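Here's the letter readout for the chains.
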Amino acid sequence: MALNQDVVVYQIYPRSFKDSNGDGIGDIKGIISKLDYIRSLGVDVIWLSPVYKSPNDDNGYDISDYKDINPEYGTMQDMHKLIIEAGLRGIKIIMDLVINHTSDEHEWFIKSKAKDPKYRDYYIWKEKPNNWTSFFGGKAWTKVDDAYYLHLFSKKQPDLNWKNPEVMKEIKEIMRFWLDKGIYGFRCDVINIIYKTSLENGKKRLVLVGKEHYHQQEGMHEILKTLRKEVLDDYETFTVGETVMVTTKQANDLIMPVRHELDMIFSFSHMEVDQVNNKWFKTKFKPKKFMKTLTKWQNEVYWNANYFENHDQPRSISRFGDDQNYHDESAKMLGTLLFGLKGTPYIYQGQEIGMTNCPFNDMSEFKDVETHRIYDIAKKIGIPKNMRFKMMQKTSRDNARTPMQWSSSCGFSTTTPWIKANPSCEKINVLDQETTADSILNYYRKLIQLRNKHHVLRYGTFESLYESKSVYAFRRFDDDHEVFVICNFSKKPKKIKIYIKGKLLISNIRKKDYNHVLAPYEARMYIKEI
Ligand code: TEU
Ligand code: CA
């Protein structure tokens, strides 16, 4: 576990990272060509979103063969090369383990649909559907012949039946297959909904009807304990669970050493402070709510996986900062906060250069299955066109899935990419920032160096000192040092209302005098010997 607490993780969404063969789609060879860049960040682990064979209904989170590579991304040889080349640079790879569901084009499902006795119960079939609803909106059941199958996501993502020991056997074998190839572990997709205790109707609720029958069930713990004992503990591994709607207590139930089912988990609480009911109904971002939630998780959870972005979330500057008037400052402020918190920091591709939400102008520019499904539902329930389009623009996962911006002409591909490139690449790109001393990119490099250098930043205890409408101040301390972190979430100068001691470690704004007034979106870290 100690090993995993030290690492910094960089998430790659393969489809949008780097296209090496000019088909407009990111691929594994493209990632290999950028390993020196990734190493130059100072990160230790790459979390690689799915590259398995898939019809791409949900961009790879719908797997049709766990032991083969999507030809759009390359070959198994490319994957071997990536693992080796990353290893030669001291970088380990964790892969996305998507075991709540497969693609409906997986041979297991094809046979299950055909009522093959061995495979029928690999999935969840019912004569009559219950009232459960999908994460992607609408019903969670689709009819085939005389029965319905469960899919908590798209209808092309049928849920596996984890009550079937054969499913456990298959998944254990798949995990070994990849661990034996030298990957370092897994990011476990929606891991806390995989066990469906019962298929009874759910209580009436606005979203996710039925969740009380599958969310965070004891059966899920049993599965994770088995995978831990019978697979993971045979290797040196790193596991992080994506756990939707998880509480701090439930998080500890999963990660505390006594159970150690997973090394850490992603919580959603801090990523839901600017929404009502569900993420499509955005409210004004209130920094104080963000701070309170972060403080709660810092104080109550054994070890946090700290993130502000991933392939499912809009870009953090556009959401928690000011991507118009204080782009660089707020990008670096959020980076300072991310690396000031206790836990393992996760950087999503493009976050290190300050990529922002993309100006989508038409529904045809969106590629995300969830976005299109929600848009259709919004239309059906009568939400006016311009309003529902604005909802998509603000919240669509495609904001995070536009091509990585390598140069002012984007530099992702030599041809038109699979999804619109963000025009911001002209001003926000790796090449320009490499040669700009105080760029966001070089600021992230400094933050990672500081974290690697200072034990107190990795292991220091967290204590919140001050949470106002705009200013967040906290300290981290161990036996030898204390670090003070202060962040101004507003476009107005703000007074620091607490006494800060120590030497300035890093700040996102160059100033002659670091007095008690924070400039707009200013962040500082001080360090002091105890
Ligand atoms: O995400 C699960 C999940 O809940 C998020 O997709 C998010 O909550 C969603 O956007 C609904 O609001 C994981 C993967 O990260 C996501 O990309 C997949 O689409 C999903 O599972 C199904 O595999
Ligand atoms: Ca390609």
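If you're wondering where the values come from, they're calculated on a predicted model, not measured in any experiment.

Asks: Help me understand empty space enclosed by the protein, please; the structure alone is not making it clear to me.
Replies: Picture a little ball the size of a water molecule; that probe, rolled over the atoms, points out where space is still empty. By the definition in use, this model includes 3 cavities of 30 Å³ or more. The calculated volume of the largest cavity comes to roughly 130 Å³. His 270, Trp 297, Asn 304, Ala 305 and Asn 306 are, among the 15 residues lining the largest cavity, the residues nearest its centre. Elements represented by at least two residues in the lining of the largest cavity include exactly α9 (287-300) and β14 (305-306). Here the residues of the lining of the largest cavity sort into 9 nonpolar, 6 polar and no charged. Empty space within the second largest cavity amounts to approximately 40 Å³. If you go around the second largest cavity, the residues you meet are Glu 309, Ser 316, Ile 317, Ala 331, Leu 334, Gln 351, Gly 354, Met 355 and Tyr 444. Of all the secondary-structure elements, those providing two or more residues to the lining of the second largest cavity are α10 (316-320) and α11 (327-340). Of the residues contributing to the lining of the second largest cavity, the split by class is 5 nonpolar, 3 polar and 1 charged.

Asks: Would you explain the site of ligand 1 in this entry?
Replies: As a structural note, the neighbourhood of ligand 1 is formed by 18 residues, with Asp 58, Lys 279, Asp 312, Glu 370 and Arg 397 the closest of them. Here an oxygen atom of ligand 1 sits 3.0 Å away from a polar atom, N or O, in the side chain of His 101. Between ligand 1 and Asp 189, the relevant distance is 2.8 Å, taken from an oxygen atom to a side-chain nitrogen or oxygen of the residue. Coverage of ligand 1 by the protein amounts to 94% of the 480 Å² it exposes when considered alone.

Asks: What is the right way to read the confidence of the model for the protein chain from this model?
Replies: The predicted coordinates of low-pLDDT regions are not to be read in fine detail. Here the protein chain averages 97 in pLDDT, while 99% of its residues score no lower than 70. Mean pLDDT across the elements of the protein chain ranges from a minimum in helix α1 (residues 2-6), with 69, to a maximum in helix α2 (residues 28-32), with 99.

Asks: When you look at the side chain of Arg 458 in this model, what are you seeing that I'm missing?
Replies: In this structure, Arg 458 sits in helix α16 (residues 455-459). At 2.9 Å, the side chain of Arg 458 and the backbone oxygen of Asn 452 are in polar contact. With sequence-adjacent residues up to four places away left out, Arg 458 is seen in contact with Asp 6, Trp 303, Lys 342, Arg 451, Asn 452, Lys 453 and Arg 476.

Asks: Explain unusual backbone geometry to me, please; I cannot follow it from the model alone.
Replies: A positive phi angle is found at Gln 216, which is not glycine, with a value near 55°. Tracing the backbone through its elements, the reader meets Gln 216 in the loop between β9 (185-188) and α7 (218-230). Residue class for Gln 216 comes out buried when judged on its relative accessible area of 11%. With phi around 60°, Tyr 521 is a residue other than glycine that occupies positive phi space. Among the secondary structure elements, Tyr 521 is positioned in the loop between β21 (517-518) and β22 (523-529).

Asks: Looking at this structure, I do not really get the state of the cysteines. What am I missing?
Replies: Note on terminology: a disulfide is the covalent bond linking the sulfur atoms of two cysteines. Under the counting rule described, the total for this entry stands at 0 disulfides. Of the cysteine sulfurs around Cys 358, a residue in no disulfide, the closest is that of Cys 425, at 9.7 Å. Here Cys 358 falls in the buried class, since its relative accessible area comes to 5%.

Asks: In this structure, what is going on with the coordination of the calcium ion (ligand 2)? I would like to understand it.
Replies: Here the calcium ion (ligand 2) is held by Asp 19 (OD), Asn 21 (OD1), Asp 23 (OD), Ile 25 (O) and Asp 27 (OD), and the distances to it run 2.2 to 2.4 Å. We classify Asp 19 as buried; its relative accessible area is 5%.

Asks: Please explain a positive patch on the surface as it appears in this structure.
Replies: Together, Lys 284, Lys 286, Lys 289, Lys 469, Lys 491 and Lys 492 give the surface a local cluster of positive charge. With respect to the helices and strands, the residue Lys 492 is situated in the loop between β18 (481-488) and β19 (494-495).

Asks: I'm lost on the packing of α11 against helix α15 (residues 440-453) in this one. Help?
Replies: Between two packed helices, both the angle of their axes relative to each other and the distance between the axes serve to describe the pair. Two elements in contact, α11 and α15, have axes separated by 10 Å at closest approach and are oriented at 15°. Relative to α15, the element α11 is oriented roughly parallel. Handedness of the α11/α15 crossing: right-handed. Listed contacts from α15 to His 327, Asp 328, Ala 331, Lys 332, Gly 335, Thr 336 and Phe 339 of α11 are Ile 440, Tyr 443, Tyr 444, Leu 447, Ile 448 and Arg 451. A class-by-class count of the residues in the contact of α11 with α15 yields 7 nonpolar, 3 polar and 3 charged.

So, how was this worked out
Residues numbered from 1 in each chain as written. Chains lettered and ligands numbered in written order. Predicted model: local features only at pLDDT ≥ 70, side-chain atom pairs only at ≥ 80, totals over all residues. Heavy atoms only, no water. 1 Å grid on protein atoms, 1.4 Å probe; cavity = no way out; pocket = protein on both sides within 12 Å on 5 of 7 lines; lining within 4 Å. Points joined across faces, edges and corners; volume = space filled by probe spheres on them. Helix = DSSP H or I, 4+ residues; strand = E, 2+ residues; numbered from the N terminus. Nonpolar A, V, L, I, M, F, W, Y, C, P; charged D, E, K, R; others polar. Near = heavy atom within 4 Å. Polar contact = N/O pair within 3.5 Å; in protein donor to acceptor, adjacent residues only side chain to side chain. Areas by Shrake-Rupley, 256 points an atom, 1.4 Å probe, with all protein chains shown as cover. pLDDT = per-residue confidence, 0-100. Contact = heavy atoms within 4.5 Å. Buried < 20%, exposed > 50% of the residue type's maximum accessible area, 1.4 Å probe, protein only. Disulfide = S-S within 2.5 Å. Donors = N, O, S within 2.8 Å, 3.2 Å for Na, K, Ca; no water. Patch = residues over 30% accessible without salt bridge, like charges linked within 9 Å, V, L, I, M, F, W, Y side chains within 5 Å. Salt bridge = Lys/Arg side-chain N within 4 Å of Asp/Glu carboxyl O. Lys, Arg positive; Asp, Glu negative; His and termini not counted. Charge placed at Lys NZ, Arg CZ, Asp CG, Glu CD. Axes fitted to C-alpha atoms, helices over the stretch in contact; angles between N-to-C directions. Parallel < 35°, antiparallel > 145°, perpendicular 65-115°, else oblique. Left-handed = near helix turned anticlockwise from the far one by under 90°.

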